[in-house]
Amino acid sequence: MASRGANAVITRAMRMETKLRSALEATVLEIDDVSHKHAGHAAVKDSNSGETHFDLKIVSPKFEGKNLVNRHRMVYQVLSDELNSGLHALSIVAKTPQEAALNMPIPGDGF
């Protein structure tokens, strides 16, 4: 008898979550697939999965001492395989645990 897990579909969001939690030790991670808002966009039309646009909120101790650009670069590096295989757009809010605890705004972020 086959297990249910054998037929489970692994979504892009699930892969992203696994990669980000592992590589960046994310303590808070929210991934929202907003691809439906871009239904007429060429990247969505050409995608087999439709999972092309995401909003990402992440809190990681690995962001300590890093500016916003470098935090985004860290995320892009972790998700490079996804970006090369159909992930078209990523809106990122990246904070340290201290910034998140104090609800400190980061210039350019909406967290």
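Look above for the structure.
**Considerations on the sheet that holds strand β1 (residues 28-33)**
Across the sheet, which stays open at both edges, the 3 strands sit in the order β1-β2-β3 with mixed pairing between neighbours. Whereas interior strands pair on both sides, the edge strands pair on one side only; in this sheet they are β1 and β3 (89-95). In this sheet, adjacent strand axes meet at a mean angle of 10 degrees when their direction is disregarded. Across the sheet, helix α3 (residues 68-78) is in contact with β2 (53-59) and β3; its angle to β3 comes to roughly 125 degrees.

**Section: the nonpolar core**
Membership of the largest hydrophobic core comes to 16 residues, with the highest contact counts inside it found for Leu20, Leu24, Leu56, Ile58, Phe63, Val75 and Leu90. Looking at this core, the elements with two or more residues in it are α1 (12-24), β2, α3 and β3. Those residues in contact with leucine 56, other than ones at most four positions away along the chain, are Leu20, Leu29, Glu30, Ile31, Val75, Leu90, Ser91, Ile92 and Val93.

**Examining α1**
The first and last C-alpha atoms of α1 sit 17 Å apart over 13 residues, in line with the 18 Å expected at 1.5 Å per residue. All of the buried residues in α1 are Arg12, Met16, Leu20 and Leu24. One face of α1 carries all of its buried residues, which in axial projection span an arc of 60 degrees. Along α1, exposed side chains directed more than 90 degrees from the buried face belong to Thr18 and Ser22. Those residues of α1 that are buried are in contact with β1, β2, α3, α4 (80-83) and β3. Directly after α1, the chain includes glutamate 25, whose backbone phi takes a positive value near 50 degrees.

About the criteria used
- Residues numbered from 1 in each chain as written.
- Predicted model: local features only at pLDDT ≥ 70, side-chain atom pairs only at ≥ 80, totals over all residues.
- Heavy atoms only, no water.
- Pairing = 2+ DSSP bridges.
- Helix = DSSP H or I, 4+ residues; strand = E, 2+ residues; numbered from the N terminus.
- Axes fitted to C-alpha atoms, helices over the stretch in contact; angles between N-to-C directions.
- Contact = heavy atoms within 4.5 Å.
- Core = buried A, V, L, I, M, F, W, Y, C linked by side-chain atoms within 4.5 Å.
- Buried < 20%, exposed > 50% of the residue type's maximum accessible area, 1.4 Å probe, protein only.
- Expected span 1.5 Å × (residues − 1).
- Arc of directions from axis to C-beta.

That's the geometry; what it means functionally is another story.
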